[in-house]
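# Descriptive analysis of the structure
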Amino acid sequence: MIGHFCVLAFLMIFLVELGFFIIVSQTLENQARDKISLIGKEFEASLQSGASEAMIEESINRNRLDGINIFLFTSEGEPVAPDNYSDIQSVLDELLLRVGREEVGYSVTYRSGEAVKYASKTEYAGRPHYLFVTYSVSIVRDTVLNLQLYLLIIGCGVFAAAVLLSFIFSHKLSSGMKSMSDTAVLLAEGNYNIKFTNADYKEMAQLSDTLNYVRDEVKKTEDFQHEILANVTHDLKTPLTMIKAYASMIKEISGDNPEKREKHLQVIIDEADRLTGLVNDVLSVSKLQANMSELKLKVFNLTELVYGIINKFGYLQETQGYSFMLDIEPNLYTRADEEKISQVIYNLLGNAANYTGDDKTVYISLKSSMDGKRVRFSVKDTGKGISKEDLAEIWNRFYRVKESHNRPVKGTGLGLNIVKAILENHSFDFGVESKIEMGSLFWVDFPCVPAEIEV
């Protein structure tokens, strides 16, 4: 990580240095061109305004102090100023090559070798003259090199600071990640008392919160696994024990007594049905949560479906004194998988019957919404209610509220989990409302659709 930070810092500094060298060099050269072009034009203006030789010589000497050389020749090639330059002939030759054949008033600025130059054909004292201005770019180059040296020194300081900061931040970041990694190893070993704590950075804090959530969910899963094992063991052991016991009784006691034999065989059949129901419920949950069970959607009469399922619980009214209080609108239709919705309503009614209070009353409602777009099915018991801590867990497999209750309807502990899986596959809204000692109300919202007309 430190290496990556250092490479990034080096690349940034290198690009800044390179950009500076290119941009500044070009900018200074352009400024040099503009400068000598301006000086040349100002010198031409002074010639055309009738400047004296003394004024011309003063201007030449003043510009020479700035590294700018000015040459003036007559049209015949005689030097006017200066007239003592050692290589005056080469200057004249270059000047004649550039502007010798041009008309008065022509000028050109160009780069030649190590100098920026200005050449023109102008007029002085009523006669054509040649003007030549030259400025060495070595001055510009020296300036750029000096600036580049300063920038290099600054860059080295910045790079050293970047390395130091990279080390500090990477060490701080990596130490936090190492701490989280060590904590994750403890979690993998089954220690759920650990806590991920890292608030140095926003992202790390979010990761810590996520891992703490994962820890809690893994712990819940392990607790559920223990509970599932206990429940499945109990739910399998009891019917198997009874089947074996009653089979032995038939063999040893009631084999020749038709009445007792029928009673014992019925117990075996009931317990076998209970085992079959447990296996079927486990398979249903697995298929639903794996999305392997395809929905067969159709429009059907939800009112008739609810009445039909309520009738299946008639034996509770006849034999155990249960009361079902109904508030059901006629001819409400919905579109869903009728078979699976039947399972949802049956499970919710069975759950209410199991957990209702001593008055053995269950309230069932099926009403359309004010806008006519939804149908709400609800079933309410009068039991002890569900605590807030348990509300979020009741939809899990084999979860059962731990308070004692009557169970007139045989269950496997998978009923509400199947309800959840089916309704989530349909994308229907559902939920539960409960308060301690005030019972629980489970509800489902179905889409309300018009009845299909058969042609």
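This text follows the structure it describes.
This section reports on the structure supplied with the text. Not measured: the values here are computed from a predicted model. (Residues numbered from 1 in each chain as written. Predicted model: local features only at pLDDT ≥ 70, side-chain atom pairs only at ≥ 80, totals over all residues. Heavy atoms only, no water.)

### Description of the overall build of the protein chain
Filter applied, for reference: Where helices and strands are cited, they refer to DSSP runs of H or I of at least four residues and of E of at least two residues respectively, numbered from the N terminus. Throughout, a contact is declared for two residues whenever any of their heavy atoms are within 4.5 Å. Accessible areas in this description were obtained via Shrake-Rupley with a 1.4 Å probe; residue shielding takes into account the shown protein chains only.
Scanning the protein chain for helices and strands turns up 11 helices and 12 strands. In the protein chain, of all internal contacts separated by at least 6 residues, the share reaching a separation of at least 24 is 66%. Summing over all exposed atoms, the protein chain offers an accessible surface of approximately 27,000 Å²; the carbon and sulfur share of this is 57%.

### A short note on a nonpolar patch on the surface
Definition in use: For patch detection, residues must exceed 30% relative accessible area and be free of salt bridges, and they are connected within 9 Å for like charges or within 5 Å for nonpolar side chains (Val, Leu, Ile, Met, Phe, Trp, Tyr). For this document, the term salt bridge refers to a Lys or Arg side-chain nitrogen within 4 Å of an Asp or Glu carboxyl oxygen.
A grouping of Val-7, Phe-10, Leu-11, Phe-14, Leu-15, Leu-18, Ile-22 and Ile-23 is seen on the molecular surface, where their side chains present a nonpolar patch of about 790 Å² in accessible area. Its location among the elements puts Ile-22 in helix H1 (residues 2-48).

### Some details on the pairing of strand E9 (residues 361-368)
Counted only if it meets this: A pair of strands is considered paired only if DSSP assigns at least 2 bridges between the two.
As paired elements, strand E7 (residues 323-328) and E9 share six bridges and run parallel to each other. Bridge pairing links Met-325 to Tyr-363 in E9. For E9 and strand E10 (residues 374-381), the ladder comprises seven bridges, and the chain directions are antiparallel. Looking at E10, one finds that Val-362 is bridged to Asp-381. Once E9 ends, the chain turns through five residues before running back antiparallel as E10, passing Gly-372 with a positive phi of about 75 degrees.

### Focus on the packing of aromatic side chains
This is how it is decided: Stacked, tilted and edge-to-face are the three classes assigned to paired rings of Phe, Tyr and Trp, where Trp is represented by its six-membered ring and a pair needs centres within 6.5 Å; plane angles under 30 degrees give stacked, over 60 edge-to-face, the rest tilted. Burial classes follow relative accessibility: with a 1.4 Å probe on protein chains only, a residue under 20% of its type's maximum area counts as buried, one over 50% as exposed, and anything between as partly exposed. Both a distance and an angle decide whether a charge sits over a ring: NZ of Lys or CZ of Arg must be within 6 Å of the ring centre and within 35 degrees of the ring normal.
The final tally for this structure, using the stated rule, is four aromatic pairs. When the centroid spacing of 6.2 Å and the interplanar angle of 45 degrees are considered together, the rings of Phe-71 and Phe-132 count as tilted. Here Phe-71 is found in strand E1 (residues 68-74), whereas its partner Phe-132 is found in strand E5 (residues 127-136), with 61 residues between them in sequence. Across the pair, Phe-132 and Phe-71 agree in class, each one buried. A ring pair is formed by Phe-313 and Tyr-346, whose centres lie 5.0 Å apart and whose planes are at 35 degrees; its orientation type is tilted. Separated by 33 residues along the polypeptide, Phe-313 in the loop between helix H7 (302-312) and helix H8 (314-320) and Tyr-346 in helix H9 (residues 338-355) bring together distant segments of the chain. Judged by relative accessible area, which is 34%, Tyr-346 ranks as partly exposed. When the ring centre of Tyr-135 is taken as origin, the NZ or CZ atom of Lys-35, which lies over that ring, is 5.6 Å away.

### Focus: the packing of H9 against helix H11 (residues 415-426)
What counts, and what does not: To define axes, lines are fitted to C-alpha atoms, for helices over the stretch in contact only, and angles between the resulting N-to-C directions are given on a 0 to 180 degree scale. Left-handed describes a crossing whose near helix is turned anticlockwise from the far helix by less than a right angle; the clockwise case is right-handed. Classification convention: Asp, Glu, Lys, Arg as charged; Ala, Val, Leu, Ile, Met, Phe, Trp, Tyr, Cys, Pro as nonpolar; all other residues, Gly among them, as polar.
As a packed pair, H9 and H11 sit with axes 9 Å apart at the nearest point and diverge in direction by 145 degrees. For the crossing formed where H9 meets H11, the hand is left-handed. Contacts between H9 and H11 involve Lys-340, Ile-341, Gln-343, Val-344, Asn-347, Leu-348 and Asn-351 from the former and Gly-415, Leu-416, Ile-418, Val-419, Ile-422, Leu-423 and His-426 from the latter. Taken together, the residues that form the contact of H9 with H11 break down as eight nonpolar, five polar and one charged.

### Topic: the sheet that holds E5
Read across the sheet, five strands follow the order E2-E1-E5-E4-E3 without closing on themselves; strand pairing throughout is antiparallel. A strand with exactly one partner marks an edge of an open sheet, and here the two such strands are strand E2 (79-81) and strand E3 (107-112). Neighbour-to-neighbour, the strand axes of the sheet open up by a mean angle of 25 degrees, direction not taken into account. Against the sheet, helix H2 (residues 53-64) engages E1, E2 and strand E4 (115-124), with an angle of about 150 degrees to E1. Sheet contacts for helix H3 (residues 88-99): E1, E2, E3, E4 and E5; angle to E5, the most-contacted strand, approximately 110 degrees.

### Remarks on the side chain of Glu-44
Quick note on the threshold: Two residue types count as positive, namely Lys and Arg, and two as negative, namely Asp and Glu; His and chain ends fall outside the count. Here a polar contact means two N or O atoms within 3.5 Å. Within protein one must be a hydrogen donor candidate and the other an acceptor candidate, and residues neighboring in sequence count only if both atoms are side-chain atoms.
Its place among the elements puts Glu-44 in helix H1. Buried and without a salt bridge, Glu-44 has Lys-41 as its closest oppositely charged side chain, separated by 5.3 Å. Looking at Glu-44, its side chain comes within polar contact range of the side chain of Ser-120, at 2.3 Å. Residues in contact with Glu-44, not counting those within four places in the same chain, are Ser-107, Tyr-118, Ser-120, Thr-122 and Leu-131.

### Some remarks on H3
Which entries qualify depends on this criterion: Here, expected helix span is obtained from the residue count minus one, scaled by 1.5 Å. To obtain the arc, one takes the directions from the helix axis to the C-beta atoms.
If you check H3, its first and last C-alpha atoms are 16 Å apart, about what 12 residues at 1.5 Å a residue would give, namely 16 Å. Among all positions of H3, only Ile-88, Val-91, Leu-92, Leu-95 and Val-99 are buried. Buried residues in H3, looked at end-on, bunch into an arc of 95 degrees, giving them a common side. For H3, the secondary structure elements touched by its buried residues are E1, E2, E3, E4 and E5.

### Some remarks on the environment of Phe-428
Locating Phe-428 in the fold gives a position in the loop between H11 and strand E11 (429-434). Residues Phe-428 and Phe-446 lie 18 residues apart in sequence; the distance between their C-alpha atoms is 6.5 Å. In contact with Phe-428, not counting residues within four places along its chain, are Arg-335, Ala-336, Ile-341, Leu-423, Asp-445, Phe-446 and Pro-447.

### Side note on the sheet that holds E9
The strand order across the open sheet built from five strands is E7-E9-E10-E12-E11, with neighbouring strands paired in mixed fashion. The strands lining the two open edges of the sheet, one partner per strand, are E7 and E11. Between one strand axis and the next, the sheet turns through 15 degrees on average, direction left out of account. Those strands touched by H9 are E9, E10 and strand E12 (440-447), and its axis lies near 25 degrees from that of E10.

Everything listed here is a matter of coordinates, which is why it stays silent on function.
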